[in-house]
Amino acid sequence: MGMGGGSVLVPALSIIFGCTQIISQSTNVIVFIVISIFAVIIYTKNKLIDFKMFFVVSIPAVLISAISSIFTLKISSKTLKFCFAIFIIALGLFSFFNSILKAKKRS
């Protein structure tokens, strides 16, 4: 699990440009969809996609994304900001401790 552009884009849109959390995260999803389409095209041309696994992973991902989108419309912007902050902090901690474990294994 890596930290993608959304961990920078969402706070930048919210803090710098004053967008609401919902607008920021919606914009991030639109950007992600466009980039994902191009990535699938490039990876397909280079024969790097296992299409059996592609469908096993992508179908649940699309369903969960749709359900999550509906859910975010039902909660307040303040709650959404709090949940996103917790997610970013957890992702940062995971990355930090993961890098420490990898460094220890190399030593």
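Structural notes, computed from the coordinates. Values in this document were obtained by computation on a predicted structure and should not be read as measured data. (Residues numbered from 1 in each chain as written. Predicted model: local features only at pLDDT ≥ 70, side-chain atom pairs only at ≥ 80, totals over all residues. Heavy atoms only, no water.)

### A few points about unusual backbone geometry
The phi torsion of most residues other than glycine is negative, and most of the peptide bonds are trans. A positive phi angle, close to 55°, is found at K47, a residue other than glycine. Inspection of the secondary structure puts K47 in the loop between α2 (21-45) and α3 (51-74). Among the residues examined, K47 registers a relative accessible area of 73% and is labelled exposed. (Helix = DSSP H or I, 4+ residues; strand = E, 2+ residues; numbered from the N terminus. Buried < 20%, exposed > 50% of the residue type's maximum accessible area, 1.4 Å probe, protein only.)

### Observations regarding the packing of helix α1 (residues 6-16) against α2
Each pair of packed helices gets described by two things: the angle between the helix axes and the distance between those axes. Close contact between α1 and α2 brings their axes to 9 Å; oriented N to C, the two are set at 145°. For the element pair α1 and α2, the recorded crossing hand is right-handed. Contacts between α1 and α2 pair G6, L9, V10, L13 and S14 from the former with Q21, S24, Q25, T27, N28 and V31 from the latter. Residue classes in the contact of α1 with α2 are distributed as four nonpolar, seven polar and no charged. (Axes fitted to C-alpha atoms, helices over the stretch in contact; angles between N-to-C directions. Left-handed = near helix turned anticlockwise from the far one by under 90°. Contact = heavy atoms within 4.5 Å. Nonpolar A, V, L, I, M, F, W, Y, C, P; charged D, E, K, R; others polar.)

### Observations concerning the side chain of S14
Take S14: it is sitting in helix α1. Once you skip the residues sitting within four places of it in the chain, S14 turns out to touch C19, T20, Q21 and S24.

### Some thoughts on a nonpolar patch on the surface
On the surface, V29, I30, F32, I33, V34, I37, F38, I41, I42, Y43 and L48 cluster together to form a nonpolar patch covering roughly 1,100 Å² of accessible area. Tracing the chain through its elements places I30 in helix α2. The class for I30 is exposed, based on a relative accessible area of 55%. (Patch = residues over 30% accessible without salt bridge, like charges linked within 9 Å, V, L, I, M, F, W, Y side chains within 5 Å. Areas by Shrake-Rupley, 256 points an atom, 1.4 Å probe, with all protein chains shown as cover. Salt bridge = Lys/Arg side-chain N within 4 Å of Asp/Glu carboxyl O.)

### Here's the deal with α1
If you check which residues of α1 are buried, you get G6, S7, V10, L13 and S14. Burial along α1 is one-sided: seen end-on, the buried residues are contained in an arc of 150°. For α1, the exposed residues set more than 90 degrees away from the buried face come down to V8, I15 and I16. Each element contacted by the buried residues of α1 is listed here: α2 and α4 (77-106). (Arc of directions from axis to C-beta.)

### Let's talk about the environment of C19
Inspection of the secondary structure puts C19 in the loop between α1 and α2. Once you skip the residues sitting within four places of it in the chain, C19 turns out to touch L13, S14 and S24.

### Quick word on the packing of aromatic side chains
Here a ring pair, both rings aromatic, is described through the centre-centre distance and the interplanar angle of the planes. This structure, assessed with the given rule, holds five aromatic pairs. Look at F51 and F54: their rings are 5.8 Å apart centre to centre, the planes differ by 70°, and that puts the pair in the edge-to-face class. Of this pair, F51 and F54 both sit in helix α3, three residues apart, which is roughly one turn of the helix. Using a relative accessible area of 39% as the deciding quantity, one classes F51 as partly exposed. In this structure F54 comes out as partly exposed when scored by relative accessible area, which is 28%. When the centroid spacing of 5.2 Å and the interplanar angle of 70° are considered together, the rings of F96 and F97 count as edge-to-face. (Phe/Tyr/Trp six-rings, centres within 6.5 Å; stacked < 30°, edge-to-face > 60°.)

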